[in-house]
Amino acid sequence: MQLEAIPGVGAKTAAALRELDDPAATVESGDVAAIARAPGVNEARAARIARGAIRRRHGDDGRVLATDRARELYREAIDLLRERTVTDYAAKRLETFYPSASASRIAEAQAFAADATDRDPDPAVREALADCAPLSDPPTVRVRDRCLATADAETLARAESAVPELSVETVEDARDVSELGRSYASVIVLDESFAGLDVEGDVSVRPDALETPAETVPERLLAFFAENRERLEAAAAVHEAAAAAGDPVSGGDSAEEGDSDAGPPVDLDRLRDALSRLDDDGTIAGDAELDRLTGAVDDLDAAVSTAASVADDRLREAIRERDVTIEGTDFLSLVEQGARVDSLLDRELADEYDAAVDAAREHLADALRLEPEEAELADRVFGGDPSFPVEHDESAVSRLRTELSAARDRRAAKLKADLASDLGDLREPVEALVRDALELDVELAIARFARDFDCTIPEVVGPERGDAEAGGDAVAGFRIEGGRSPLLDVDFADVEPVDYAVSGATLLSGVNSGGKTSTLDLVALVVVLAQMGMPVPAESATVERFEEVHYYAKSQGTLDAGAFEATLRDFGDLVDGADGRLVLVDELESITEPGASAKIIAGILEALDDQDATAVFVSHLAREIRDAADFEVAVDGIEAAGLVDGELRVNRSPKKGHLARSTPELIVEKLADDRGGEFYGDLLEKF
């Protein structure tokens, strides 16, 4: 797969994506979190890349949203979905759903949405999702007690790239390897030519070391799990909460393919057991022997000092109590003043000195919890010629430190290798564990959207499909039954349902504040959501798969000559090959004088009718436009039932083939009924 072939992916972004383990599969999966792990790619950028990959997969080169108002409606639709997410991931992932003219893409997205709407947005699951987040890659860990060695320049370059955690040293012969063995706790030689090497230290010949990173540098895998401990625990909690709610998390090979009966992709008890053996910094936790050795190395100097003090205290007490040639207190004073008393100690206090040294050795062994073989090395720390204060052998301390450090490092290396082995086959499953939990948030957001707005999955058809119920005529336009717009500034429960269907070019008439603009918004929203593959806020809906959606909002006042000319150019481009387009226009007459507006709108409708486009033009000039057009323009009307206490009572569903009365006509009619008289009667006749 050529990454640069994805819309919006240039050479720089493609280079970053190639840093991923399997860039083509990752991009194709639509997994926003996985794509965002490429260097310099944030989640917003990852969502655009995933959307571009989806477009490429479906051969979806068009852009359905053709005007600013159409794009605004899409953003409002996305926002309604995003408001129902818990995680940032789901909010970004929803942006991979876009209005498409591709039948295969719409079908794919609808299958995902249909499964999602079967979900139960259980509060416990949503609470568990609050701590869920995409996995992250930890910083490169530097391991300083181990190195790789090779005599081959090409192997050296490959090793430095493949295993940046370790130093890679150049060697020529066994002597070079032996020197490395004295400098590092362990050495891994990459060249087969060194097989059978016999040198001191922990040196192994492993030509396959670069192909088995979990064995060569287990710290890499452990750092990954340590970095993502909280994310993994949160994802596990999501799976458990969903299972407890009777709606287990789906799993699949891609973000939009699910197996609803799969269960967690990893044994959660096994995962938690492995994580319990890992500290937050990627080191081993919970091993008593490693803790003992680590503590012994860390506490060695302090323990030696304390042990010497123990010996000194024993000797000081013995000297005070001992009857020698001079008084004990005088003898103690001489000793503390630095007088040489080695021979006196050896002659007069040999047993006491030996007992003091034994006490020092015992304290050192106990304080460091040394094993018998380690205690033998500790015994060499104290001894030698008698002295006061008791002196220790620094070289013996250094040797003990070296042995303890080596034992600690060997123990840590073994435990790391064992744990990495246990975690190795969990690496991919935990990716799925987290991905599935995050995808659940996407599904639950769609489910909540569908429930909050009484949505249904619409039927999206191509204009070439026959409609048997309509006598075999081609399906075109849209049909909405019981549609309610969630964009209105009222509680959704108070929104009146609307039934409306249009095929061809149509004028929509009606009183002021009767709901004409909100009807256009509802139509645009239903079409946009339907072509996104999402559920729509209606009892049922059938929508043509439009190539483009053109929605023109009401102009704010009459345009000057230049702006008027630019607007006409836009409509000239629009009617040039308008097949497969939906055109929604709100009161275009406001751009210029009413008489000219009626003629212009009539001409636009004629061109759209010739192209078999679907169009709804909201206008107060429906009668004038119909008279100016050279074809029979369909006119629908949002009819007001009348005025009650000065307020309009309106039937929100447009009435087919009906020119609705205007607000002034209704007022004149009410006055004629209420007050009578020739004046109001004559006015009413003029409508």
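Our structure's up above, just so we're on the same page.
Since we're looking at a predicted model, the values are computed, not measured.

J.: Can you break down a negative patch on the surface residue by residue, with the values?
T.: Negative charge collects at one region of the surface, where D579, D609, D610, D612 and D630 lie side by side. The exposed category is assigned to D610, whose relative accessible area is 63%.

J.: Could you give an account of the pairing of strand β13 (residues 540-544), naming the residues involved and the relevant values?
T.: In terms of burial, β13 is largely enclosed, as four of its five residues are buried. Here three bridges tie strand β7 (residues 459-461) to β13, and the two strands are oriented parallel to one another. By the bridge assignment, V460 is partnered in β13 with V543. The pairing of strand β10 (residues 478-483) with β13 spans four bridges and is antiparallel. Bridge pairing in β13 places F478 opposite V543.

J.: So, the pattern of salt bridges: which residues are in play, and what are the values?
T.: All told, the structure shown has 45 salt bridges when counted by the stated rule. When the shortest N-O distance is used, the salt bridge between R399 and E403 registers 3.3 Å. Of this pair, R399 and E403 both sit in helix α20 (residues 394-424), four residues apart, roughly one helical turn. Linking D454 and R484 is a salt bridge whose minimum nitrogen-to-oxygen distance equals 2.4 Å. Linking D454 in the loop between α21 (427-452) and β7 with R484 in the loop between β10 and β11 (498-502), this pair joins segments that are 30 residues apart in sequence. Accessibility expressed as a relative area gives 45% for D454, which makes it partly exposed. A relative accessible area of 15% places R484 in the buried class. One salt-bridge network, in which partners are shared between bridges, spans E28, R57, R105 and E108.

J.: So, the environment of A541: which residues are in play, and what are the values?
T.: Residue position: A541 is located in strand β13. Here the alpha-carbon distance between A541 and I480, two residues 61 residues apart in the chain, equals 4.5 Å. Beyond its immediate chain neighbours, meaning those up to four positions away, A541 contacts P458, E459, R479, V526 and V536.

J.: Tell me about the packing of aromatic side chains, and name the residues and values.
T.: By the definition in use, this model includes five aromatic pairs. Ring centres of F97 and F112 lie 5.5 Å apart, and the angle between their planes is 35°; this geometry places the pair in the tilted category. Remark: F112 occurs in helix α7 (residues 103-117) and F97 occurs in the loop between α6 (88-93) and α7; sequence separation between them is 15 residues. Judged by relative accessible area, F97 falls into the buried class, the value being 0%. Centre to centre, the rings of F449 and F453 are 5.3 Å apart; their planes meet at 70°, and the pair counts as edge-to-face. Judged by relative accessible area, F453 falls into the buried class, the value being 8%. Among the aromatic residues, ring-to-ring pairing joins F449, F453 and F492 into one connected group. One Lys or Arg, R93, reaches over the ring of F112 and ends 5.5 Å from the middle of that ring. The aromatic ring of F224 is capped on one face by R427, whose charged end is 3.6 Å from the ring centroid.

J.: I'd love a proper account of helix α12 (residues 218-227), names of residues and values included.
T.: Burial within α12 is extensive, with eight of its 10 residues counted as buried. Of the residues making up α12, those classed as buried are P218, E219, L221, L222, A223, F224, F225 and A226. Turning to α12, the residues buried within the fold contact β1 (146-150), α11 (213-216), α13 (229-244), α14 (268-276), α20 and α21.

J.: Got a sec to walk through the sheet that holds strand β2 (residues 167-170)? Specific residues and values, please.
T.: Read from one edge of the open sheet, four strands run β2-β1-β3-β4, paired in parallel fashion. With partners counted over all chains shown, the strands left at the sheet margins are β2 and β4 (202-205), one partner each. Between one strand axis and the next, the sheet turns through 25° on average, direction left out of account. As paired strands, β1 and strand β3 (residues 186-189) are joined by four bridges and run parallel to one another. Considered in β3, the bridge of C147 is made with V187. Sitting on the sheet, helix α10 (residues 174-183) is in contact with β1, β2, β3 and β4, with an inclination near 145° to β3.

J.: Give me the lowdown on the nonpolar core, citing residues and values where you can.
T.: In terms of nonpolar packing, the biggest core is built from 121 residues, with L17, F225, L271, I446 and M532 touching the most fellow members. Sorting elements by how many residues they give to this core places α21 first, with 12 residues. Residues in contact with F225, not counting those within four places in the same chain, are L232, L271, L275, L278, L423, L426, R427 and V430. Within the second largest apolar cluster, 30 residues are counted, among which are L315, A356, A365 and A378.

J.: Break down the sheet that holds strand β17 (residues 634-638) for me, citing the residues and quoting the values.
T.: The five strands are arranged β14-β15-β16-β12-β17 in an open sheet whose pairing can be described as parallel. Looking at the sheet topology across the chains shown, the edges are occupied by β14 (548-552) and β17. When strand polarity is set aside, the average angle formed by the axes of neighbouring strands in this sheet is 15°.

J.: Describe the packing of helix α15 (residues 288-321) against helix α18 (residues 350-368), naming the residues involved and giving the relevant values.
T.: Their axes nearest at 7 Å, the elements α15 and α18 cross at an angle of 155°. The angle between α15 and α18 places the two elements in the roughly antiparallel class. The two elements α15 and α18 cross, and the hand of that crossing is right-handed. The class makeup of the residues in the contact of α15 with α18 is 17 nonpolar, two polar and four charged.

J.: Report on the pairing of β17, specifying residues and quantitative values.
T.: In terms of residue burial, β17 counts as a mostly covered element, since four of its five residues are buried. Here five bridges tie strand β12 (residues 505-510) to β17, and the two strands are oriented parallel to one another. Across the sheet, the residue bridging to S509 is G637, located in β17.

J.: Residue-level account of the environment of P23, with values.
T.: On the secondary structure map, P23 appears in helix α2 (residues 23-29). Expressed as a C-alpha distance, the spacing of P23 and A34, which sit 11 residues apart in the sequence, is 9.4 Å. If we skip the residues at most four places from it in the chain, P23 touches L3, L17 and R18.

J.: Any details on the packing of helix α5 (residues 68-82) against helix α22 (residues 516-532)? Residues and values, ideally.
T.: Close contact between α5 and α22 brings their axes to 10 Å; oriented N to C, the two are set at 65°. Classified by the angle their axes make, α5 and α22 are roughly perpendicular. Crossing of α5 over α22 shows right-handed handedness. Side by side, α5 and α22 meet where R69, L73, Y74, A77, I78 and L81 of the first sit next to D521, A524, L525, V528, L529 and M532 of the second.

Analysis parameters
- Residues numbered from 1 in each chain as written.
- Predicted model: local features only at pLDDT ≥ 70, side-chain atom pairs only at ≥ 80, totals over all residues.
- Heavy atoms only, no water.
- Patch = residues over 30% accessible without salt bridge, like charges linked within 9 Å, V, L, I, M, F, W, Y side chains within 5 Å.
- Areas by Shrake-Rupley, 256 points an atom, 1.4 Å probe, with all protein chains shown as cover.
- Salt bridge = Lys/Arg side-chain N within 4 Å of Asp/Glu carboxyl O.
- Lys, Arg positive; Asp, Glu negative; His and termini not counted.
- Charge placed at Lys NZ, Arg CZ, Asp CG, Glu CD.
- Buried < 20%, exposed > 50% of the residue type's maximum accessible area, 1.4 Å probe, protein only.
- Helix = DSSP H or I, 4+ residues; strand = E, 2+ residues; numbered from the N terminus.
- Pairing = 2+ DSSP bridges.
- Contact = heavy atoms within 4.5 Å.
- Phe/Tyr/Trp six-rings, centres within 6.5 Å; stacked < 30°, edge-to-face > 60°.
- Lys NZ or Arg CZ within 6 Å of the ring centre and 35° of its normal.
- Axes fitted to C-alpha atoms, helices over the stretch in contact; angles between N-to-C directions.
- Core = buried A, V, L, I, M, F, W, Y, C linked by side-chain atoms within 4.5 Å.
- Parallel < 35°, antiparallel > 145°, perpendicular 65-115°, else oblique.
- Left-handed = near helix turned anticlockwise from the far one by under 90°.
- Nonpolar A, V, L, I, M, F, W, Y, C, P; charged D, E, K, R; others polar.

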